[in-house]
Amino acid sequence: MDRMWALVERDLRRFRRSPTLIFVSMVFPLVQLLVLGYAFGGKLKDLKVGVVDQDRGVQAVKLREMFNAVHANARTFQTIDYHDERAAVDDLRNGRLDAVLDIPPNFSRDVLEKTAPRVALIEDNTDNFIEATLQGVFAPLLGAYNQPATTAARVPTAPTLAVVELYPYVPYIQYLLAGSTVLAIFVSAMIGGGIIYIDDKARGLHEGYLVTPITKFGLIFGFNLAGTIKAVIAGLVLAIFGSLIARIPDPFSPARLAKIALVDLATSLALISMMFLFMVRVNDPLVPRATFGVLNTLLFFPSGAVYPASAFPKWMRAISIADPFTYGVHAFKELMLKNTSLSAVAGDLTFLFLFAALMMAAATALFRRTL
Amino acid sequence: MGAIEVEKITKRFDGFTAVDAVSFVVESGEVFGLLGPNGAGKSTLIRMLTTLIPPSAGNARVSGFDIVHSAQEVRRSIGVIPQAMTSDLDLSLAENLIIFAKLYGVPRETRARRVKELLEAVELEQWTDKPVKFLSGGMRRRLEIARGLIHEPQVFFLDEPTTGLDPVSRVSVWEMLMKLKKERNLTILLTTHYMDEADKLCDRIAIVDHGKLVALDSPLKLKASIPGANILEVSFSPVPEGWLDTLKSLPDVARVTAVDHVFRVSSNNGPRTTVALVEAARGAGISLVSLSVQSTTLDDVFMHYTGRQLRDELQESAVYDPSFMYKK
Ligand SMILES: Nc1ncnc2c1ncn2[C@@H]1O[C@H](COP(=O)(O)OP(=O)(O)OP(=O)(O)O)[C@@H](O)[C@H]1O
Ligand SMILES: [Mg+2]
């Protein structure tokens, strides 16, 4: 017991002595949180939409007034009037416009005669995000335009979808925070349990331990406990600073923090024991360095940290099911975004602890108490 | 019972035999040296004895414990300084020692006192709380010697304790070891490829080459065991005709060669040959210009038993050192 703690003590003392390491394991996920958080998922603003009004009737004017109202409020897009359709499309091709809205010559008449009035949205479809945003704005706008002034006159048999939002609006940076927290744990595991562990081995530090009467289990638990403590710290620091940066409401309620700490512990144990299994027979210091990027990509992106897993192809969903990141990310999301009870993350916790036990068992079987 | 008993111990790596059926006994309180060139199998042998790698065949007992079946007991009774410097650079000297005291299970009450005593013994007490990275190579070696003794072992293994140190640091490490040995009645097994180190430190030396033990005895007896125990270098004025033959006929002379005006006389008994030579010169009425008597070195011993010079061996293994290649 004492012997195992000696290993832990050594590691923590060293961790404290070289703050660069602490920095690296937290700066990378924080930078990623900030950059990705603001790079993605921000609302598109001031898209330039050319409007070609070939109708010039009363109905077309009404439509254009609605667009102007959007511009004044949500500022998603601004309209620029064109007289000539060709000039507008040319500007779209040249990148001066993001889309062209074409109101055909007989629009007003079609509206009045109820003969399927049409407005054409000509888009630059090389940019999926702009395309989706504009469709998302114009489709409901035209829908609203089609509605008669009073809802009572609605056809009683036509079903409508009433959307109820359970939680306040979640900006993307908040969505990403769970992933960044798990990433901080992973980076800590990768550096402490991978790179430094193998460097120590190659420098002969382990040889120094192996000649002492510490047992095989003392060594295994010592290495893993030290790694887990560092990973838990990294995860907690990121969860706290990240919550402030992402403006998570009420981030420091003790109940929530306690639950987050538990998920942090489970995720750290899972990732450290996984790393220990990967490195248990490695001697070459290049190996952990070379696998860092691959492992990071392979575990982080399929986990649903940046994009929901339901959008993935089958093979990637298979990775996501086995990936401990997935469960850590899910549990952190539940707690950070919804502040759920522990029972909502019980499944994740179970997976993570079982996963850790499995990894440790395999690593113990492979671990050699000799050189 | 010897402190270390080795019986036909063998280590094979994928068909390559690094240590080949080596047997010897180290008595309690003895300083025993394994002398051999790079790749001779010294580290492999020490690693087997310190339970770091299992032997392929044969067995050994350290402090009476079998190195395979009672590995934990062996570990408790030995101190080990591996070939590589393995102290934690970011931690202080005291921290390094405390952590090893804990790894060895030194009781809490005695830890601090032992650390203080040992740092004084290796003359590093003024560095106690400084990080190890501030120490020179020789100081780090001395710290590791202290580390290896933190649990008061009976048997101390050192793998090339002075390799890579400058001459002053080497001497200070030697002195440290001799002092500690005397104070603590340690049994020491060390490896080295320096002849002077083996000669000065060791009570007995085992010469290892290509994994085999080729000779084992005290430095003096090893040197005495080979023919031509002394070399006399001598010059005369004037040199009469047939003087070379006169020299060859002196007692105990094995061989005489002349280079310019200097004669190299190889003798099986330096003192007797020297006296006879001085008398012969006086009788012939010629005077000695210079005379030096050199004794056999361990290098000559190594050469005698392996057919090669230890120095050459060391250089051969350094062919990838660029500075060595430019000289060619
Ligand atoms: N783990 C290993 N696998 C394969 N071969 C090995 C291994 N360890 C040592 N050897 C080989 O065994 C031989 C003896 O090596 P060893 O390290 O014991 O030599 P040494 O006498 O300590 O040399 P040095 O003076 O360079 O330290 C060498 O040829 C080495 O390449
Ligand atoms: Mg060696």
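Residues numbered from 1 in each chain as written. Chains lettered and ligands numbered in written order. Predicted model: local features only at pLDDT ≥ 70, side-chain atom pairs only at ≥ 80, totals over all residues. Heavy atoms only, no water.

Chemist: Would you mind going over the overall build of chain B with me for this structure?
Modeler: Counting secondary structure elements, chain B contains 13 helices and 14 strands. When the backbone C-alpha atoms are referred to their principal axes, chain B occupies close to 80 × 45 × 45 Å. Burial status across chain B gives 51% buried among its 328 residues. When contacts within chain B are restricted to residue pairs at least 6 apart in sequence, those whose partners lie at least 24 apart make up 69%. As displayed, chain B offers around 15,100 Å² of accessible surface, 53% of which is attributable to carbon and sulfur atoms. Of the side-chain charges in chain B, 39 are positive and 42 negative, and the distance between the mean point of each set is 4 Å. (Helix = DSSP H or I, 4+ residues; strand = E, 2+ residues; numbered from the N terminus. Buried < 20%, exposed > 50% of the residue type's maximum accessible area, 1.4 Å probe, protein only. Contact = heavy atoms within 4.5 Å. Areas by Shrake-Rupley, 256 points an atom, 1.4 Å probe, with all protein chains shown as cover. Lys, Arg positive; Asp, Glu negative; His and termini not counted. Charge placed at Lys NZ, Arg CZ, Asp CG, Glu CD.)

Chemist: Explain the coordination of the magnesium ion (ligand 2) to me, please; I cannot follow it from the model alone.
Modeler: Four donors placed tetrahedrally about a metal ideally form angles of 109.5 degrees, and six donors placed octahedrally ideally form angles of 90 or 180 degrees. All names here are of chain B. All of the protein donors around the magnesium ion (ligand 2) are Ser43 (OG) and Gln83 (OE1); their distances to the metal are 1.8 to 2.2 Å. Taken as a pair, serine 43 in helix 1 (residues 42–49) and glutamine 83 in the loop between strand 6 (78–81) and helix 3 (93–103) lie far apart in primary sequence, 40 residues in all. Residue serine 43 is classed as buried on the basis of its relative accessible area, which comes to 16%. Glutamine 83 gets classed as partly exposed once you look at its relative accessible area, which sits at 37%. (Donors = N, O, S within 2.8 Å, 3.2 Å for Na, K, Ca; no water.)

Chemist: Help me understand the site of ligand 1, please; the structure alone is not making it clear to me.
Modeler: All names here are of chain B. Close to ligand 1 lie 14 residues, the nearest being Gly39, Lys42, Ser43, Thr44 and Glu160. Alanine 40 is positioned with one of its backbone polar atoms (N or O) 3.2 Å from an oxygen atom of ligand 1. In the model, an oxygen atom of ligand 1 is placed 3.0 Å from a nitrogen or oxygen of the glutamine 83 side chain. Protein coverage of the free-state accessible area of ligand 1, which is 640 Å², stands at 64%. If you list the elements that add at least two residues to the shell around ligand 1, you get strand 2 (16–26) and helix 1. (Near = heavy atom within 4 Å. Polar contact = N/O pair within 3.5 Å; in protein donor to acceptor, adjacent residues only side chain to side chain.)

Chemist: Before we go on, may I ask you to explain the sheet that holds strand 2 (residues 77–82) of chain A in this structure?
Modeler: Sheets are built from strands paired through backbone hydrogen bonds, the pairs being either parallel or antiparallel. All names here are of chain A. The strand order 2-1-3-4 describes an open sheet built from four strands, whose pairing is mixed. Pairing within the sheet leaves two strands with one partner each, and these edge strands are strand 2 and strand 4 (120–123). Shown here is a sheet whose adjacent strand axes are inclined to one another by a mean of 25°, direction ignored. Here helix 3 (residues 58–73) sits on the sheet in contact with strand 1 (47–53), strand 2 and strand 3 (99–103), set at roughly 145° to strand 2. Against the sheet, helix 4 (residues 85–93) touches strand 1, strand 2, strand 3 and strand 4, its axis set at about 165° to strand 3. (Pairing = 2+ DSSP bridges. Axes fitted to C-alpha atoms, helices over the stretch in contact; angles between N-to-C directions.)

Chemist: For this particular structure, what's the right way to read the nonpolar core?
Modeler: One broad rule of soluble globular proteins: the nonpolar side chains tend to lie buried together. Counting residues in hydrophobic clusters, the biggest one holds 146 residues, and the most contacted among them are Phe186 of chain A together with Ile4, Ile9, Phe24, Phe157 and Leu189 of chain B. Residues contacting phenylalanine 157 of chain B, with those up to four places away along its chain left out, are Ile4, Ile46, Leu49, Thr50, Val62, Ile78, Gly79, Val80, Ile81 and Leu189 of chain B. (Core = buried A, V, L, I, M, F, W, Y, C linked by side-chain atoms within 4.5 Å.)

Chemist: What exactly am I supposed to notice about the packing of helix 7 (residues 172–203) of chain A against helix 9 (residues 216–245) of chain A here?
Modeler: A pair of packed helices is captured by two measures, namely the crossing angle of their axes and the spacing between those axes. Residues and elements named next belong to chain A. In the contact formed by helix 7 and helix 9, the axes pass within 8 Å of each other and the chain directions differ by 155°. Relative to helix 9, the element helix 7 lies roughly antiparallel. Here the hand of the crossing between helix 7 and helix 9 comes out right-handed. Between helix 7 and helix 9, the contacting residues are Ile173, Leu177, Ser180, Thr181, Ala184, Ile185, Ser188, Gly192 and Tyr197 on the first element and Phe223, Lys230, Ala231, Ala234, Gly235, Leu238, Ala239, Gly242, Ser243 and Ile245 on the second. Residue classes in the contact of helix 7 with helix 9 are distributed as eleven nonpolar, seven polar and one charged. (Parallel < 35°, antiparallel > 145°, perpendicular 65-115°, else oblique. Left-handed = near helix turned anticlockwise from the far one by under 90°. Nonpolar A, V, L, I, M, F, W, Y, C, P; charged D, E, K, R; others polar.)

Chemist: Got a minute to help me understand the packing of aromatic side chains in this structure?
Modeler: For any pair of aromatic rings, geometry is given as the distance between the ring centres together with the angle between the planes. Residue and element names in this part refer to chain A. For the coordinates displayed, the defined rule picks out 18 aromatic pairs over all chains. Centre to centre, the rings of phenylalanine 67 and phenylalanine 77 are 6.1 Å apart; their planes meet at 75°, and the pair counts as edge-to-face. Note that phenylalanine 67 is positioned in helix 3 and phenylalanine 77 in strand 2, a separation of ten residues in sequence. Ring centres 3.7 Å apart and planes at 20° place the aromatic pair tyrosine 327 and phenylalanine 351 in the stacked group. Of this pair, tyrosine 327 sits in helix 13 (residues 324–338) while phenylalanine 351 sits in helix 14 (residues 346–366), placing them 24 residues apart in sequence. Note on tyrosine 327: relative accessible area 17%, which makes it buried. Residue phenylalanine 351 is classed as partly exposed on the basis of its relative accessible area, which comes to 23%. (Phe/Tyr/Trp six-rings, centres within 6.5 Å; stacked < 30°, edge-to-face > 60°.)

Chemist: Help me out: how do you make sense of the sheet that holds strand 14 (residues 287–295) of chain B in this one?
Modeler: Residue and element names in this part refer to chain B. The sheet built from four strands is open, its strands ordered 12-13-11-14 with antiparallel pairing. Only two strands of the sheet have a single neighbouring strand rather than two, namely strand 12 (253–259) and strand 14. Each neighbouring strand pair of the sheet contributes to a mean axis angle of 20°, computed without reference to strand direction. Its contacts with the sheet place helix 10 (residues 270–284) against strand 11 (230–237), strand 12, strand 13 (262–267) and strand 14, and it is angled at close to 10° to strand 11.

Shape descriptors only; they carry no functional weight alone.
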